[in-house]
Amino acid sequence: MTTQEVRLCGLLLQEHFGNVVEKVGTHLIRSGVLTLRALAHETKLPLDLVKKSLCVLVQHGMCTFGAGRRGPAGPVEYRINCEHVFHMLRYPRYIYTAKSLYGDTGELIVEEILQRGHMTMSSTVKTVADRLTHNMPEGQSMDYSEVVSVFSQLVETHFLQRCPPLASAGSSSSGAVDTPLPVATQPTEPESHPDCYKLPYINLTGQGKRRRSSEDGEADQCAAKKARTDNSECGDDDGIYWQVNFQRFHLHFRDQAIISAVSCKLDQSSSEIVRTMLRMSEVTTPAHAAFTQALSANEIFRALLSRSPDARPILDQYLSLLVDDPMEFVGKTGDSGGGMYVVNLHRALANLARATLESVVQERFGSRSARIFRLLLRKRHLEQKQVEDFAMIPAKEAKDMLYKLLSENLVQLQEIPKTPDYAPSRTFYLYTVNQLPTARLLLQHCYKTVGNLIERRLYETKENKRLLEKSQRIEAILASLQATGAEAAQLTEVEEMITVPERQQLESLRHHINKLDSSENQVDETIFLLKSYINSTQASR
């Protein structure tokens, strides 16, 4: 792992779990694999705190464990799954996607499971129903059956999956963290378990309970304890835990990026055709496949919403347009059934990554440098004189721009000698752009940028900690008074406890925090796109 990746992992762990978990996690990242005793000795933390930190990381799927180098008889060794740590950066996007697809109920289900790492179905249903009921008008409540229905839909579409079962560890107790375990304590992939998406039978009847405002603080303090005891009270699924399927969300993000690109390049009708093709093949296409499963034009026509006879010739025209487009998002593989078509996933990701690189060069170095960059991407290898002629830029300016791009490692220089002595007068100097290494370079810049944004947000919050705490206390008092039906004069008096300068400072702080959050999400979209392209390129080789 690079320095920027380790730094970002540490910041994410610190923000979500605190300094102790951050110290344990960062040390594990740098060391690779360690036993419990070695981890406690090297971090100089109490053994009990290290155990609790590892429990937190294992609970959220960020740490794996198994038999060490000494075999089953030796101590258990722990390692960090850095990809799962990076997923915390995308938690708001996962929750928003669940809300857009399955409404408020889906949003709260995904949010609860992300907050706790994994939960049983019955515990999740009860918690979500209670939260929804608490936000409903007086006299209304959420039925458990409605939450169960949305939970089932999330499992059917593979957005939720069962946690992989652990191999039997004999009679070892849960407290003996350092006792030897079998070699295969955890399957590498949850999908290797045959019941990964099989819903358990639970008999849940009733409605969510409304929590009174006076009980809010106590309820928040006891949330973890209730989560442990709810399994025996409201379901028969004890021991069957569910987690968020991050890979399925990532496939959805990838598909949405491709659909949006087609819509911008062509039109809405073309994007609907590509959306239909992706939806039809999402279950049958492997996660790292370069192409979707081939679909006939007849199948695509039947799946589209508009099935009038006049629409079939239009569909054929759109498919021909997509196949002939230079972006090559859609390819044709045969002529049976009116023609067999696939979505070229690898090519689509490569084009999206290429557009991202061009956009970054244009923003940092201007439109003329972006013109040179695009020219090198298209022509592959060019001499300096050829760059000047093709880009139609004066020689001095083209030379400065090429050297600036070269110094930033966005452009590479390749020497091809005519003779073995590498004499400059008898050597061709060709400029080129290697898209994959450039994408990796930009990815590291993105990791650094996100780390800076998180540090800035933590600094802003720390500097205004007292003002934020005062604002939260006053908001809590106002909510309590409104719940008890207090008079307007009382509410106004409480609101005036925050002075005008403090209110202006709060507004300015919230504006800055919102800008930082928005920037963080935008950079994460670039990270996801570049990471998907890099993984797709490695899988296709």
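Residues numbered from 1 in each chain as written. Predicted model: local features only at pLDDT ≥ 70, side-chain atom pairs only at ≥ 80, totals over all residues. Heavy atoms only, no water.

Caption draft 1: Summary view of the sheet that holds strand S3 (residues 71–80). Ordered in space as S1-S3-S2, the three strands form an open sheet in which the pairing is antiparallel. If you trace the sheet from one side to the other, it starts and ends with strand S1 (33–35) and strand S2 (63–68), each paired once. Across the sheet, the axes of successive neighbouring strands diverge by a mean angle of 40 degrees, strand direction being ignored. Bridge analysis of S1 against S3 gives three bridges, and the strand direction is antiparallel. Across the sheet, Val-33 pairs through a bridge with Arg-79, a residue of S3. Set on the sheet, helix H3 (residues 36–43) makes contact with S1 and S3; between it and S1 the angle comes to about 95 degrees. Strand contacts of helix H4 (residues 47–59): S2 and S3, with the helix running at about 110 degrees to S2, the strand carrying the most contacts. (Pairing = 2+ DSSP bridges. Helix = DSSP H or I, 4+ residues; strand = E, 2+ residues; numbered from the N terminus. Axes fitted to C-alpha atoms, helices over the stretch in contact; angles between N-to-C directions. Contact = heavy atoms within 4.5 Å.)

Caption draft 2: Structural context of the pairing of strand S6 (residues 241–244). Two strands pair when backbone bridges link them, and strand S4 (residues 119–120) and S6 are joined in this way by two bridges, in the antiparallel orientation. Residue pairing in the sheet places Met-119 in a bridge with Trp-242 of S6. Two elements, strand S5 (residues 160–162) and S6, share three bridges in a ladder whose sense is antiparallel. Following the sheet pairing, Leu-160 is matched in S6 by Val-244.

Caption draft 3: Region of interest: the confidence of the model for the protein chain. When the pLDDT values of the protein chain are averaged, the result is 83; 88% of them are 70 or greater. Confidence over residues 168–187 falls short of pLDDT 50; this stretch has 39 contacts with residues more than four positions distant or in other chains. Predicted confidence for residues 213–221 stays below pLDDT 50, and this span has five contacts to residues more than four positions away or in other chains. (pLDDT = per-residue confidence, 0-100.)

Caption draft 4: Inspection of the nonpolar core at higher detail. Counting residues in each nonpolar core, the largest one holds 101 residues, and the members touching the most others are Leu-54, Ile-109 and Leu-376. Considering each element in turn, this core owes the most residues, 10 residues, to helix H6 (residues 91–116). Residues from two domains meet in this core; each of domain 1 (3–80) and domain 2 (84–165 + 194–208 + 239–244) gives at least three. Apart from the residues within four sequence positions on either side, Leu-54 is in contact with Val-24, Leu-28, Leu-36, Leu-39, Cys-63 and Tyr-78. (Core = buried A, V, L, I, M, F, W, Y, C linked by side-chain atoms within 4.5 Å. Buried < 20%, exposed > 50% of the residue type's maximum accessible area, 1.4 Å probe, protein only. Domains from an automatic or database assignment.)

Caption draft 5: A look at helix H15 (residues 345–365). Its 21 residues give H15 an end-to-end C-alpha distance of 30 Å, which sits within 8% of 30 Å, the value for a rise of 1.5 Å per residue. Among all positions in H15, only Leu-345, Ala-348, Leu-349, Ala-350, Asn-351, Leu-352, Ala-353, Thr-356, Leu-357, Glu-358, Val-361 and Phe-365 are buried. Where H15 terminates, the next one or two residues include Gly-366, which has phi positive at roughly 100 degrees. (Expected span 1.5 Å × (residues − 1).)

Caption draft 6: Expanded view of the packing of H6 against helix H11 (residues 246–265). Interaxial distance between H6 and H11 falls to 13 Å at its minimum, and their mutual angle equals 140 degrees. The pairing of H6 with H11 is recorded here as oblique in orientation. Crossing geometry of H6 relative to H11 is assigned as left-handed. Residues Tyr-91, Arg-93, Tyr-94, Thr-97, Ala-98, Leu-101, Val-110 and Leu-114 of H6 form the contact with H11, whose participating residues are Phe-246, Phe-249, His-250, His-252 and Phe-253. (Parallel < 35°, antiparallel > 145°, perpendicular 65-115°, else oblique. Left-handed = near helix turned anticlockwise from the far one by under 90°.)

Caption draft 7: Structural view of the pattern of salt bridges. Evaluation of the coordinates by the stated rule reveals 25 salt bridges. Close ionic contact of Asp-524 with Arg-90 constitutes a salt bridge, the shortest N to O distance being 3.1 Å. Here Asp-524 is found in helix H22 (residues 500–540), whereas its partner Arg-90 is found in the loop between helix H5 (82–86) and H6, with 434 residues between them in sequence. With a relative accessible area of 3%, Asp-524 lands in the buried category. In this structure, Glu-112 and Arg-116 form a salt bridge, with 3.4 Å as the shortest nitrogen-oxygen distance. Note that Glu-112 and Arg-116 are positioned in helix H6 at a spacing of four residues, about one turn of the helix. One continuous salt-bridge network, built from bridges that share partners, spans Glu-15, Arg-457, Asp-517 and Glu-520. (Salt bridge = Lys/Arg side-chain N within 4 Å of Asp/Glu carboxyl O.)

Caption draft 8: Broad picture of the state of the cysteines. Scanning all chains against the criterion turns up zero disulfides. Cys-55 takes part in no disulfide bond, and the closest cysteine sulfur, belonging to Cys-63, lies 9.7 Å away. Relative accessible area serves as the criterion here: at 47%, Cys-55 is assigned to the partly exposed category. Cys-196 supplies the cysteine sulfur nearest to Cys-163, a cysteine that is in no disulfide, at a spacing of 9.3 Å. (Disulfide = S-S within 2.5 Å.)

Caption draft 9: Examining the packing of aromatic side chains more closely. What the rule picks out here adds up to 11 aromatic pairs. Where Tyr-102 meets Phe-159, the ring centres are 6.2 Å apart and the plane angle is 75 degrees; that geometry is what we call edge-to-face. Of the two residues, Tyr-102 is situated in helix H6 and Phe-159 in the loop between helix H8 (144–156) and S5; the sequence distance between them amounts to 57 residues. Note on Tyr-102: relative accessible area 17%, which makes it buried. With a relative accessible area of 3%, Phe-159 lands in the buried category. With a centroid separation of 4.7 Å and 55 degrees between ring planes, the pair formed by Phe-159 and Phe-249 is classed as tilted. Here Phe-249 lies in helix H11 and Phe-159 lies in the loop between H8 and S5, a separation of 90 residues in the sequence. Judged on exposure class, the residue Phe-159 and its partner Phe-249 are both buried. Following the ring pairs from residue to residue traces out a cluster consisting of Tyr-91, Tyr-94, Tyr-102, Phe-159, Phe-246, Phe-249, Phe-253 and Phe-528. If you follow Arg-93 out to its NZ or CZ, it ends over the ring of Phe-528, 5.5 Å from the centre. Over the ring of Phe-159 we find Arg-248, and its NZ or CZ is 4.5 Å from the ring centre. (Phe/Tyr/Trp six-rings, centres within 6.5 Å; stacked < 30°, edge-to-face > 60°. Lys NZ or Arg CZ within 6 Å of the ring centre and 35° of its normal.)

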